[in-house]
Amino acid sequence: FDTKHKRIMAQQEDVFKKLISHCKEYGFVFPSSEIYDGLSAVYDYGQMGVELKNNIKKYWWDSMVLLHENIVGIDSAIFMHPTIWKASGHVDAFNDPLIDNKDSKKRYRADVLIEDLIAKMDEKIEKEVEKAAKRFGESFDEALFRQTNPRVQEHVAKREELHSRYAKAMNENDLNELRQIILDYEIACPLSGTRNWTDVRQFNLMFSTEMGSTADGTMKIYLRPETAQGIFVNYLNVQKTGRMRIPFGIAQIGKAFRNEIVARQFIFRMREFEQMEMQFFVRPGEELKWFAQWKETRLKWHKALGLGDEKYRYHDHEKLAHYANAATDIEFEMPFGFKEVEGIHSRTNFDLSNHEKFSGKKLQYFDPELNESYVPYVIETSIGVDRMFLSVMAGSYCEEQLPDGETRVVLRLPAALAPVKLAILPLVKKDGLPEKAREIMDMLRFDFKCQYDEKDSIGKRYRRQDAIGTPFCVTVDHDTLTDNCVTIRFRDTMEQKRVAISDLAQIIGEQVSMKSLLRKIVNS
């Protein structure tokens, strides 16, 4: 099993390396400050990446403010009064449990080391089930096998023992026990292979700076570690000026900053990142009903992209944050396993109550139906733009063997998110074909992001467009000058069709419109 597991891991790592290389080669993501040898865990989005990123943000924003009459948006400042972070608990509780290996001098998150081991145990259980399913064929009773097979039972017992120890240590914030678990289960440093560990200690993740110009007049402020607090401190402003009635939501897209010590896996975990968050304000006592509803709504949003329903799963939190009474992650199958792309949390009334206490201002909502005032409860949906970007790229990247023996790298991006919607290609650079191609481009550029390309053979140009995920290519040939038709090529099937130039806007528009995605959410 170990040899096979290592082989699968190596294959996944190879795919991930290819994806990272592809992101750089085709202008999606660059290492930040690269000419100065880069800055760890900070990245820049290139000319293709920024288009894809903007399209992801638009898809999220429209799904919030167009599909829900009771959700509006704001854009709050990155710098906020420092007491806000005291009230939110970030100054005292926004910590990661860190552990160092004395031999490799590498620093790790203790919780991640243990969770990785639990994931390996889960994989062992699934492998046993898969082997049995192949052996017994159609007569296989999976539920019975899981309950009665001694090897599976042994693996499950070990996993549950580890899991309960880990969950207890995390909930009690017992750093000594976390270290003891790492020692008892002989978790080794992936680099040095040794188990020579330091104690586990807490590390606060907030970046701080100073505001003010004089030595005695400066104030210590923080770069926000999340965008949610900007919504909470403005909730009453929005409610009153927008005449909002509960339940209602406030959406925001913005930068956040965390001094991640274990920043890794490309853009998955960065120090400067972007969040799309929506806080939904509800009556006390109704929060779990809304929590269940938003869980379902958000999963539909992801699945509408068509990257494969089997690539998503829910993961309920073992350790609830100090403010939550329910929390679930939506995980996506990345090349390095299932990882969180979005969190849905029932935050209770913790944030608003604390801001009321620390600010001395009343943050209650008067409910005309109940004829009473209360501090609303909050359901949060929080999604990392960069993680979403990575999941879309990973779910779309494909190396395909063609019937003629060649291979092509194609990004099967959802058409509405693709950076370039249409490539316009004159067959040759003469005989009036470039002029005709430019004419088509001028006609369609107001509707779609188009790219004109006349360099190299038509085959090479198709490959370039496949690599950046362009859903449609249009070739202008000599017949176009007389019949006003072009050959349209479809990225995923490579099928080619002759169509009238006048029909292009409709054919392409139906496929690349954000509306098509939004309708899928509503109709699913």
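Residues numbered from 1 in each chain as written. Predicted model: local features only at pLDDT ≥ 70, side-chain atom pairs only at ≥ 80, totals over all residues. Heavy atoms only, no water.

This next bit is on the confidence of the model for the protein. Here the protein averages 90 in pLDDT, while 96% of its residues score no lower than 70. Confidence, expressed as mean pLDDT per element, reaches its minimum in the protein at helix α1 (residues 2-25) with 76 and its maximum at strand β3 (residues 71-73) with 97. (pLDDT = per-residue confidence, 0-100. Helix = DSSP H or I, 4+ residues; strand = E, 2+ residues; numbered from the N terminus.)

Before going further, it helps to examine the sheet that holds strand β6 (residues 201-204). Across the sheet, which stays open at both edges, the three strands sit in the order β5-β4-β6 with antiparallel pairing between neighbours. With partners counted over all chains shown, the strands left at the sheet margins are β5 (107-109) and β6, one partner each. For this sheet the average axis-to-axis angle between neighbouring strands, irrespective of direction, equals 50°. Two elements, strand β4 (residues 95-100) and β5, share three bridges in a ladder whose sense is antiparallel. The partner of Ile99 across the bridge, within β5, is Tyr108. Together, β4 and β5 form the strand contacts of helix α5 (residues 110-136), whose direction differs from that of β5 by roughly 65°. Where helix α8 (residues 175-184) meets the sheet, it contacts β4 and β6, and its direction lies at approximately 45° from that of β4. (Pairing = 2+ DSSP bridges. Axes fitted to C-alpha atoms, helices over the stretch in contact; angles between N-to-C directions. Contact = heavy atoms within 4.5 Å.)

Moving on: the nonpolar core. Phe28 and Tyr59 are the most contacted members of the largest nonpolar core, which has 63 residues in total. Sorting elements by how many residues they give to this core places helix α13 (residues 385-396) first, with seven residues. (Core = buried A, V, L, I, M, F, W, Y, C linked by side-chain atoms within 4.5 Å. Buried < 20%, exposed > 50% of the residue type's maximum accessible area, 1.4 Å probe, protein only.)

A few words now on the packing of aromatic side chains. Applying the stated criterion to the full structure yields 18 aromatic pairs. When the ring of Phe16 is compared with that of Phe266, the centres are 6.5 Å apart and the planes differ by 75°; the resulting orientation is edge-to-face. Residue Phe16 is found in helix α1, and its partner Phe266 is found in the loop between β9 (248-257) and β10 (272-282); the two are separated by 250 residues along the sequence. You'll find Phe16 and Phe266 in the same group, each marked buried. Ring pairing ties together the aromatic residues Phe16, Tyr43, Phe266, Phe268 and Phe336, which thus form one cluster. Between Arg438 and the ring centre of Tyr452, over which it is positioned, the NZ or CZ distance is 3.7 Å. Taking NZ or CZ as reference, Arg489 lies 4.4 Å from the ring centre of Tyr462, over its face. (Phe/Tyr/Trp six-rings, centres within 6.5 Å; stacked < 30°, edge-to-face > 60°. Lys NZ or Arg CZ within 6 Å of the ring centre and 35° of its normal.)

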